[in-house]
Every structure is written in C-alpha cells, then in structure tokens.
Amino acid sequence: MRILIIILFPFLSTLIAHGETKPSDQEQFALWEKLVQPSKGEAMPIGNYSAGCLQGAESLPLSGPAFVVMHPERKRYFGHPELLSYIKSLASTVRDNHLGILLVGDMGRPRGGPMISGHASHQIGLDVDLWYSLPKKAPRKAERSRLSAGHFTANGKLAHWNKKLTKLLELAIQNPSVDRIFVNPIIKQSLCRSEKEAAWLHKIRPWWGHDDHFHVRLNCPAGSNQCQPGTPIPDGPGCDSDLAWWFSEDAKKTLIDRGKKERVFPVLPAACAALSAQ
Ligand SMILES: [Zn+2]
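For clarity, every value in this text was computed on a predicted model and none was experimentally measured.

*Asks:* Tell me about the overall build of the chain, and please be specific about residues and values.
*Replies:* Scanning the chain from N- to C-terminus turns up nine helices and 12 strands. Along the longest, intermediate and shortest principal axes, the C-alpha atoms of the chain span 75 × 45 × 40 Å. Burial status across the chain gives 46% buried among its 278 residues. Pairs at least 24 residues apart make up 77% of the contacts formed inside the chain by residues separated by at least 6 positions. Accessible surface for the chain amounts to roughly 14,900 Å². Of this, 58% is attributable to carbon and sulfur atoms. Considering the chain, the positive charge centre built from 34 side chains and the negative charge centre built from 26 side chains are found 5 Å apart.

Structure below.
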C-alpha cells in the first residue's frame with residue numbers, strides 16, 4: 001500500500017495542485033440532487049436558509065384532507081417536521097374559512113441542501129412555496145404535474161387578486177413559527193394600501209417573482225443549535241422607502257445583473273458534507 005502511495009503521490013499532488021480533484025459547482029449541485037432518501041437521526045436544520053442542509057427530513061404526504069402537493073415529480077416535498085405541521089395546520093384553517101384547497105409547491109430535497117434549479121434558499125427544511133390559487137376541488141393526479149401556478153400581477157399591476165388571497169396571507173402569517181413571507185413587491189404595495197393598520201404586514205417581505213406563489217419561511221425550531229436565523233426584519237410595516245426601492249431603476253438593474261450571474265454552489269457547513277456522504 002505504501003509503495004502504491006509513493007508511486008501515486010506525484011500524480012495525485014499534480015491533480016490537487018491543478019484543482020482537478022475538486023468537483024465543479026455543477027457536479028456539486030448534481031451530487032445533492034442524487035440524494036433521494038432522508039438521512040437518519042433526529043430532525044436538525046444545519047446552516048442557513050441559503051447554505052445548509054437538513055438531517056432527518058420527513059416527507060409531506062402528496063395529498064391531505066385540505067391540501068395537495070403540486071409537481072410531486074420534482075421530489076421537493078421534504079422538510080423539517082415543524083414545516084409539515086405548519087402546512088397541514090394552515091390547510092385545515094384555509095378549509096375552515098371556506099377558501100379552498102391549499103396547493104403546495106416546492107419545499108426541500110430529502111436532505112435539504114442546494115438545488116440544481118430554481119431556489120437559492122429552501123435548503124434547511126424550513127421554506128415552502130404555496131400557490132395563491134385556491135381551487136374548490138383538489139386537482140386530479142394527472143393534473144398535478146401538468147398545471148402551472150397562475151400569476152397575480154401583469155404589466156406592473158395586480159391582476160386577478162381578490163379578498164380571499166389577502167385572507168390567505170393573513171392566515172398564513174398568524175402562526176408564531178413564521179419568520180417571514182415573501183411576496184411580489186406589487187402585492188406588498190397593494191397590501192400596504194388595503195391593510196394599512198395590520199400588524200402582520202411587518203412580516204410580509206417583497207422579493208422578485210413570487211406573483212404566482214408566496215414563500216413561507218419558518219424560524220429555526222427551538223433547540224436546533226446548528227440552524228442560523230435569518231437577518232432581522234426592519235421595524236414597522238415595511239411600506240415606505242424599503243418598499244419604494246423595489247420599483248426603482250436600481251432594482252431593475254440589480255435584477256438584470258442577477259440574471260447574468262452563474263449559479264455558484266454555496267459554501268456549506270462541514271456537517272453537510274458528512275450528511276451527503278452517509
Ligand atoms: Zn420559495
């Protein structure tokens with residue numbers, strides 16, 4: 001064995017010196033995409049929402065009494081048990097309020113971690129995308145992989161919005177485990193006008209896209225000491241200069257620049273490398 005190492009050493013060191021043994025970003029994304037089973041152990045988010053992983057993930061049933069998972073073929077219906085409870089409980093509340101069936105979009109992968117397409121976050125099992133559309137009847141199985149979410153803004157304005165959707169957001173944010181909810185800036189702007197006095201506006205945060213779904217992010221669960229909380233939300237309802245920026249030239253330019261950037265594989269905590277290798 002020692003002889004083999006001695007023979008190979010100059011070869012290996014050349015490879016390392018040229019960085020050829022380090023997998024590319026694409027290869028690292030692909031590696032996480034290949035993990036199809038949750039890891040063992042108690043549920044534990046590790047790292048932050050945009051650079052982390054999830055030990056002991058659970059899968060949400062593909063349908064329940066008041067919800068349906070959309071695009072199950074993407075296999076992004078895994079999360080922390082608190083996220084699963086949150087979704088089930090919100091779906092029941094939505095049903096009790098006669099709003100319709102809750103359509104569940106992407107949660108996370110079986111071990112959390114970075115995703116090859118789409119989201120930068122959704123990595124520690126505490127994020128879920130929920131559709132604004134609230135059908136009266138659950139979509140049939142074949143439709144769940146075919147339908148796409150309807151958009152609720154058009155030409156820089158709100159479109160097809162109604163009071164039911166405002167109520168949906170209000171119900172979604174009531175749970176104290178919610179850290180924040182991301183919506184399109186046009187939707188936030190409209191809520192700032194119609195719900196001026198509402199304390200819950202504080203946690204509704206503007207972000208690009210998010211006009212066909214809203215993104216719920218939960219706080220780090222109690223006792224999960226490897227989970228890094230998000231940056232604090234500025235005080236107040238967030239309807240002033242903070243919101244105005246989203247309609248500025250600077251925001252347009254930032255969006256264009258974001259589109260040009262190649263996706264970079266994030267630096268994950270060491271515990272995530274161990275989790276991916278299990
Ligand atoms: Zn999302």
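From this point on, the discussion continues.
*Asks:* Explain the coordination of the zinc ion to me, using residue names and the numbers behind them.
*Replies:* Between any two of four tetrahedral donors, the ideal angle at the metal is 109.5 degrees; between two of six octahedral donors, it is 90 or 180 degrees. Every protein donor of the zinc ion is listed here as H122 (NE2), D129 (OD) and H215 (ND1), and their distances to the metal cover 2.0 to 2.3 Å. Counting residues between consecutive donors of the zinc ion along the chain gives the motif H-x6-D-x85-H.

*Asks:* I'd love a proper account of the packing of aromatic side chains, names of residues and values included.
*Replies:* Tallied over the entire structure, the rule returns 12 aromatic pairs. When the centroid spacing of 5.1 Å and the interplanar angle of 85 degrees are considered together, the rings of W245 and W246 count as edge-to-face. On the basis of relative accessibility, which here comes to 14%, the residue W246 falls in the buried class. Members of the aromatic cluster, connected to one another through ring pairs, are F182, W207, W208, W245 and W246. Looking at R217, its charged tip hangs above the ring of Y49, at a distance of 4.2 Å from the centre.

*Asks:* So what's going on with the environment of H98? Residues and values would help.
*Replies:* Mapped onto the secondary structure, H98 falls in the loop between helix 3 (81-96) and strand 6 (102-104). Judged by relative accessible area, H98 falls into the exposed class, the value being 71%. Between the C-alpha atom of H98 and that of S276, which follows or precedes it by 178 residues, the distance is 42 Å.

*Asks:* For unusual backbone geometry, give the residues involved together with the corresponding values.
*Replies:* Even without being glycine, H98 reaches a positive phi, approximately 55 degrees. One non-glycine residue, H210, lies in the positive phi region at around 55 degrees. Relative to the elements of secondary structure, H210 occurs in the loop between strand 11 (204-206) and strand 12 (213-218).

*Asks:* An account of the pattern of salt bridges is needed here, citing residue identities and associated values.
*Replies:* As enumerated under the stated definition, the model contains 10 salt bridges in all. One salt bridge connects R205 with D242, and the closest N-O pair in it is separated by 3.1 Å. Of the two residues, R205 is situated in strand 11 and D242 in helix 7 (residues 241-244); the sequence distance between them amounts to 37 residues. The exposure class of R205 is buried, given its relative accessible area of 11%.

*Asks:* Can you explain the nonpolar core? Please cite residues and give values.
*Replies:* In terms of nonpolar packing, the biggest core is built from 47 residues, with L169, I181 and F214 touching the most fellow members. Among the secondary structure elements, those contributing two or more residues to this core are strand 4 (67-69), helix 3, strand 6, strand 7 (127-131), helix 5 (163-174), strand 10 (178-183), helix 6 (185-194) and strand 12. With seven residues, the single largest contributor to this core is helix 3. Core analysis: the next-biggest nonpolar cluster, separate from the first, contains 11 residues, I46, C53, F265 and C272 among them.

*Asks:* Which residues make up the pairing of strand 12, and what values do they have?
*Replies:* Within strand 12, six of the six residues are buried, leaving the element largely enclosed by the surrounding structure. Along strand 12, one buried face is formed by H213, H215 and R217 and the opposite face, lined by F214, V216 and L218, is buried too. In this sheet, strand 12 lies alongside strand 7 in antiparallel orientation, the contact comprising five bridges. What sits directly across from W131, in strand 12, is H213. Note that strand 10 and strand 12 share four bridges and pair antiparallel. What sits directly across from V178, in strand 12, is L218.

Criteria and thresholds
- Residues numbered from 1 in each chain as written.
- Predicted model: local features only at pLDDT ≥ 70, side-chain atom pairs only at ≥ 80, totals over all residues.
- Heavy atoms only, no water.
- Helix = DSSP H or I, 4+ residues; strand = E, 2+ residues; numbered from the N terminus.
- Buried < 20%, exposed > 50% of the residue type's maximum accessible area, 1.4 Å probe, protein only.
- Contact = heavy atoms within 4.5 Å.
- Areas by Shrake-Rupley, 256 points an atom, 1.4 Å probe, with all protein chains shown as cover.
- Lys, Arg positive; Asp, Glu negative; His and termini not counted.
- Charge placed at Lys NZ, Arg CZ, Asp CG, Glu CD.
- Donors = N, O, S within 2.8 Å, 3.2 Å for Na, K, Ca; no water.
- Phe/Tyr/Trp six-rings, centres within 6.5 Å; stacked < 30°, edge-to-face > 60°.
- Lys NZ or Arg CZ within 6 Å of the ring centre and 35° of its normal.
- Salt bridge = Lys/Arg side-chain N within 4 Å of Asp/Glu carboxyl O.
- Core = buried A, V, L, I, M, F, W, Y, C linked by side-chain atoms within 4.5 Å.
- Pairing = 2+ DSSP bridges.

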